[in-house]
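Here's the letter readout for the chains.
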Amino acid sequence: PKLIHRWLNAEALAFWFMDDGTKINSGYILNSQGFTLNENKRLANALGKNFKFEVNIHKDDSKKNDNKVSYRLYITSKSKDDFTDVVSPFILPCFQYKLHSKS
């Protein structure tokens, strides 16, 4: 939705992350390959607006989507600890492995 920032709170973000997110290198990936580039931009803007995260949009070259171009969101290392702080109160114990240790 165009007004996704109104509904994207810490708990919703944690559930999205538990379902379809992962840690990589020193940041996090939110898998959003089912969304268009413009929709990914809207999500990235909402994460920046609501949580002040630095978010990049990465092209997904995995070729799982019938060779269609797809994108996913990358929470950068600069925002890694802030992301961890925001979602960790809502992360179920069985998903704690998905979180980076705080620096």
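Residues numbered from 1 in each chain as written. Predicted model: local features only at pLDDT ≥ 70, side-chain atom pairs only at ≥ 80, totals over all residues. Heavy atoms only, no water.

**Q** Help me understand the packing of aromatic side chains in this model?
**A** Each aromatic ring pair is characterised by the separation of its centres together with the angle its planes make. Scanning all chains against the criterion turns up five aromatic pairs. The interplanar angle of 90 degrees and the centroid separation of 5.3 Å between the aromatic rings of Phe17 and Tyr28 together place this pair among those described as edge-to-face. In this pair, Phe17 sits in helix α1 (residues 10-20) while Tyr28 sits in strand β2 (residues 27-30), placing the two residues 11 residues apart along the sequence. The exposure class of Tyr28 is buried, given its relative accessible area of 0%. Relative to Phe83, the ring of Phe53 lies with its centre 5.6 Å away and its plane at 55 degrees, an arrangement referred to as tilted. One end of the pair, Phe53, is in the loop between α2 (37-51) and β3 (55-60); the other, Phe83, is in helix α3 (residues 80-87), with 30 residues separating them in the sequence. Of the residues examined, Phe53 reaches a relative accessible area of 5% and is grouped as buried. One aromatic cluster is present, built from ring pairs that chain together Phe17, Tyr28, Phe51, Phe53 and Phe83. Here the guanidinium or amino end of Lys98 rests over the ring plane of Phe17, the centre of that ring lying 5.7 Å away. (Phe/Tyr/Trp six-rings, centres within 6.5 Å; stacked < 30°, edge-to-face > 60°. Helix = DSSP H or I, 4+ residues; strand = E, 2+ residues; numbered from the N terminus. Buried < 20%, exposed > 50% of the residue type's maximum accessible area, 1.4 Å probe, protein only. Lys NZ or Arg CZ within 6 Å of the ring centre and 35° of its normal.)

**Q** What is the right way to look at the pairing of β2 in this model?
**A** The side chains of a regular strand alternate, first on one face of the sheet and then on the other. Judged by which residues are buried, β2 turns out to be covered on both faces: Gly27 and Ile29 on one side and Tyr28 and Leu30 on the other are all buried. Relative to β2, strand β1 (residues 21-24) runs antiparallel, the two being bridged by four bridges. Bridge pairing in β2 links Gly21 to Leu30. What sits between β1 and β2 in their antiparallel hairpin is a turn of two residues, with Asn25 showing a positive phi close to 40 degrees. Pairing between β2 and strand β4 (residues 70-75): three bridges, direction antiparallel. Each residue of the ladder has a partner; that of Leu30, found in β4, is Leu73. (Pairing = 2+ DSSP bridges.)

**Q** I keep staring at the side chain of Lys98 and nothing clicks. Help me out?
**A** Along the polypeptide, Lys98 turns up in the segment after α3. The buried charged residue Lys98 lacks any salt bridge partner; its closest oppositely charged side chain belongs to Asp20, at an N-O distance of 6.6 Å. Only 3.3 Å separates the side chain of Lys98 from the backbone oxygen of Phe17, close enough to count as a polar contact. A polar atom in the side chain of Lys98 sits 2.9 Å from the backbone oxygen of Met18. Once you skip the residues sitting within four places of it in the chain, Lys98 turns out to touch Phe17, Met18, Asp19, Asp20, Gly21, Lys23 and Tyr28. (Lys, Arg positive; Asp, Glu negative; His and termini not counted. Salt bridge = Lys/Arg side-chain N within 4 Å of Asp/Glu carboxyl O. Polar contact = N/O pair within 3.5 Å; in protein donor to acceptor, adjacent residues only side chain to side chain. Contact = heavy atoms within 4.5 Å.)

The values are spatial; any link to function lies outside them.
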